[in-house]
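# An overview of the molecular structure
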Amino acid sequence: MNPLPRNLLPDNAAVADDGSLIIGGVSVADLAAEFGTPLFVYDEDHLRDRCRQAVAAFGHQSAVYATKAFLCRAMADLAYSEGMMLDVASGGELHVALSAGVPASACVLHGNNKSVFELEMAIDAGVHAIVVDSFDEIDRLERLGAQPGVTVPSVLLRITPGVSAHTHEFISTGQNDSKFGFNLENGDAARAVDRVRTSSVLNLIGVHCHIGSNVFDAASFAKAAQVMAEFSIPLDLPELVLGGGLGVPYVAGEEAPTISTWGSVLLDACEALGVRSRVSVEPGRAIAAAAAITVYTVGTVKDIPGVRRYVSVDGGMSDNPRPVLYGSGYEAALVRDPFADRSVAARVVGKHCESGDVLVADARLPEDLEVGDLLFTPVTGAYGHSMGSNYNKVVRPAVVFVRNGDARLVVRRETYDDLLATDVFEAGN
Ligand code: LLP
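Residues numbered from 1 in each chain as written. Predicted model: local features only at pLDDT ≥ 70, side-chain atom pairs only at ≥ 80, totals over all residues. Heavy atoms only, no water.

Moving on, we come to the site of the ligand. Around the ligand there are 20 residues in total, and S213, E282, R285, R322 and Y383 lie nearest to it. Within the backbone of R285, one N or O atom sits 2.8 Å away from an oxygen atom of the ligand. Burial of the ligand by the protein chains amounts to 91% of its free accessible area of 580 Å². Taken together, the residues of the shell around the ligand sort by class into six nonpolar, eight polar and six charged. For the shell around the ligand, the two domains that each supply at least three residues are domain 1 (6–43 + 289–420) and domain 2 (44–288). (Near = heavy atom within 4 Å. Polar contact = N/O pair within 3.5 Å; in protein donor to acceptor, adjacent residues only side chain to side chain. Areas by Shrake-Rupley, 256 points an atom, 1.4 Å probe, with all protein chains shown as cover. Nonpolar A, V, L, I, M, F, W, Y, C, P; charged D, E, K, R; others polar. Domains from an automatic or database assignment.)

Structure below.
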């Protein structure tokens with residue numbers, strides 16, 4: 001009854017002779033014993049495969065990994081070495097990418113409110129492009145570019161195409177009522193193009209849009225492509241960026257287009273519309289989400305007769321805030337028997353001092369679940385670690401990459417001393 005659907009697990013997940021979960025040839029229970037829980041376990045070949053699919057579909061330089069989904073130096077290096085460029089949305093993301101040895105020329109800087117410091121950082125490093133989001137940013141870049149010896153990287157303009165993606169309101173960005181980009185409908189987009197084209201220091205290479213995240217419906221992308229094609233064709237610019245946003249299945253019954261299908265839909269639409277620019281995309285979730293599981297240890301099981309069963313684990317909203325933020329659904333299963341019947345309804349909750357600290361609101365779990373069991377949630381590779389926090393001074397989990405029977409630690413678990421690393425308290429003051 002209700003076994004975990006196989007398609008939610010990383011590509012290289014399997015079941016060992018003892019019935020327990022293996023990923024990338026490594027026993028997940030052994031990983032938990034070695035690195036502790038909570039633990040993010042990434043199937044490295046799965047990540048590499050999705051990067052390759054993106055590069056195969058869109059071409060070298062046209063497949064840009066949105067690092068906000070999941071970033072550490074190993075991930076930056078992996079995506080770059082598989083032929084992707086990197087979308088960085090802050091100075092911090094740029095810093096991590098550069099620290100991993102990714103050349104600035106492979107990075108594109110995004111953000112609706114980049115500081116002068118971040119713009120200077122991008123200029124000094126020499127990023128491939130800056131995606132400009134507002135008239136204030138155009139002013140800022142013009143002032144920076146007017147200084148002697150300063151060359152501003154090429155710019156793209158972020159356009160709000162007026163297309164609403166069918167996704168959660170908080171992660172939908174293409175509609176008119178948005179903090180992002182230049183509005184197409186009210187003429188701001190055309191005015192921004194004129195401003196940049198007449199600037200003596202800015203070099204416009206293209207336009208950009210991003211309609212939202214976790215979009216399942218290929219028609220929304222095709223619609224955005226059409227609106228952007230109509231706007232950009234007369235401009236005759238070298239680049240057209242159609243953003244990220246491809247969704248992934250999180251729970252039983254969900255289905256999303258593959259990266260290859262997404263590529264065909266977008267590129268066919270652009271070709272049919274007569275786009276001559278190089279078309280690129282910025283997938284984040286579609287690269288990283290399904291590559292990882294999070295492993296937790298069950299600490300308490302509380303039955304409230306007639307109400308529900310609560311299963312508390314040793315992480316929570318600090319390693320996966322998505323259920324709290326967006327009401328996102330997840331599945332849960334046990335490491336010792338991942339495809340067991342899940343006959344019991346339960347709510348999987350974290351250890352934070354907050355009733356809303358829910359990881360899986362309506363989980364199905366095996367009847368024999370007990371305290372001490374290793375429980376995992378699949379499809380947690382995107383926007384989990386990257387949106388994690390230290391709420392309640394809970395330390396952030398470790399991250400391991402597994403491949404061909406080997407595990408490598410890419411982010412160590414934080415220590416209590418890490419919690420004091422930025423704390424400048426001096427006794428007596
Ligand atoms: N490009 C731009 C300009 C973006 O703003 C984003 C995501 C992406 C690409 C990548 O989108 P993806 O392919 O990953 O859907 N925290 C939310 C998602 C926020 C996405 C923000 N921008 C979540 O957990 O669902």
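The biggest cluster of nonpolar side chains holds 136 residues, and the ones touching the most others in it are Y65, M75, L157, L242, V295 and L375. Looking at this core, the element that brings in the most residues is helix α8 (residues 218–232), giving seven residues. Apart from the residues within four sequence positions on either side, M75 is in contact with L47, Y65, F70, I287 and F401. (Core = buried A, V, L, I, M, F, W, Y, C linked by side-chain atoms within 4.5 Å. Buried < 20%, exposed > 50% of the residue type's maximum accessible area, 1.4 Å probe, protein only. Helix = DSSP H or I, 4+ residues; strand = E, 2+ residues; numbered from the N terminus. Contact = heavy atoms within 4.5 Å.)

This part is about the packing of aromatic side chains. Scanning all chains against the criterion turns up seven aromatic pairs. Centroid distance Y42 to F401: 5.6 Å. Interplanar angle 50°. Geometry classified as tilted. With Y42 in strand β4 (residues 39–43) and F401 in strand β20 (residues 398–403), this pair connects stretches of sequence that are 359 residues apart. Across the pair, exposure class does not vary: Y42 and F401 are buried alike. Between F221 and W262, the aromatic rings sit 5.6 Å apart at their centres with planes inclined by 65°, giving edge-to-face as the arrangement. Linking F221 in helix α8 with W262 in helix α9 (residues 259–273), this pair joins segments that are 41 residues apart in sequence. (Phe/Tyr/Trp six-rings, centres within 6.5 Å; stacked < 30°, edge-to-face > 60°.)

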